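Residue strings, one per chain:
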Amino acid sequence: MKNTINSMPGYRVYEYLLVLNPHEELRNKIQHVKQAFHDKYKSASAVGGKPHLTLVTFTQYGMLEERIVNRLKTIAMGFHPVKIELKDYGSFPSHTIYINVTSKVPIQDLIKQIRSEAQRLMKLDDENKPHFIMEPHFTIARKLLPWQYEKGWLEYSHKHFTGKFIADAMLLLRRPVGEMRYEIVQRFEFQNLPVGTVQGELFAPVP
């Protein structure tokens with residue numbers, strides 16, 4: 001039986017991801033790496049989900065979604081497309097192996113802006129605060145067992161990977177708490193509009 005808070009209209013709770021998506025060719029290239037890692041080290045997390053670069057993860061009531069979408073739209077309108085470069089592998093000892101992002105600064109600038117302008121909307125309560133990913137990366141496998149991490153990192157610390165893409169938008173994804181599959185809520189294009197134009201949009205009367 002479902003928790004009543006999830007089944008009441010307007011009170012459903014969702015897990016959200018705000019991500020940058022690479023183009024299909026690069027996504028397939030990263031997916032191939034993840035599949036190879038899974039085949040060798042039997043890590044289930046390596047094959048779950050499509051490759052993406054996560055900016056923020058948060059949990060929130062569905063009834064706040066429209067306000068969050070509007071805030072993110074405004075942020076994206078004033079932000080510019082960025083070139084993302086990937087090179088080789090890194091790790092978070094002792095549980096995660098990932099592909100390095102070398103062009104971190106513009107992504108970190110975007111995350112800081114989201115944090116300063118949307119953090120309060122993303123906080124459900126003191127136990128569920130938004131998590132801002134200040135070290136941008138593409139996860140290959142996470143929640144690794146000690147042997148998976150040690151053997152995997154021994155191999156991947158010597159491997160090479162290169163890739164790049166232009167991030168011209170960010171995607172908001174969601175899933176009901178406790179479910180596996182994410183769905184797209186909205187795509188926010190980076191339009192690099194002057195601040196005055198963005199503010200005009202922000203304070204325009206609702207039709």
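Because the structure is predicted, anything quoted here is derived from the model rather than measured. (Residues numbered from 1 in each chain as written. Predicted model: local features only at pLDDT ≥ 70, side-chain atom pairs only at ≥ 80, totals over all residues. Heavy atoms only, no water.)

Draft legend 1. Quick look at the confidence of the model for the protein. Per-residue confidence for the protein gives a mean pLDDT of 90; residues scoring 70 or more make up 89%. Residue range residues 1-7 is modelled with pLDDT below 50. Its contacts to residues more than four positions away, or to other chains, number eight contacts. (pLDDT = per-residue confidence, 0-100. Contact = heavy atoms within 4.5 Å.)

Draft legend 2. Molecular detail of the side chain of Arg175. Within the fold, Arg175 resides in strand E8 (residues 169-176). Within polar-contact distance, the side chain of Arg175 engages the side chain of Glu15 at 2.7 Å. Every residue in contact with Arg175, bar those within four places of it in the chain, is listed here: Tyr14, Glu15, Met180, Arg181 and Tyr182. (Helix = DSSP H or I, 4+ residues; strand = E, 2+ residues; numbered from the N terminus. Polar contact = N/O pair within 3.5 Å; in protein donor to acceptor, adjacent residues only side chain to side chain.)

Draft legend 3. Region of the structure containing the sheet that holds strand E5 (residues 131-132). Pairing is antiparallel across the open sheet formed by five strands, whose spatial order is E5-E2-E1-E8-E9. Single-partner strands in this sheet number two, and they are E5 and strand E9 (183-189). Of the pairings in the sheet, the one linking strand E2 (residues 53-61) to E5 comprises two bridges and is antiparallel in character. Opposite Val56, over in E5, you have Phe132 as the bridge partner. Of the strands in this sheet, strand E1 (13-20), E2, E8 and E9 touch helix H3 (residues 65-78), which is tilted by about 30° from E9. Across the sheet, helix H4 (residues 104-122) touches E1, E2, E5 and E8, and the angle it forms with E2 is around 0°. (Pairing = 2+ DSSP bridges. Axes fitted to C-alpha atoms, helices over the stretch in contact; angles between N-to-C directions.)

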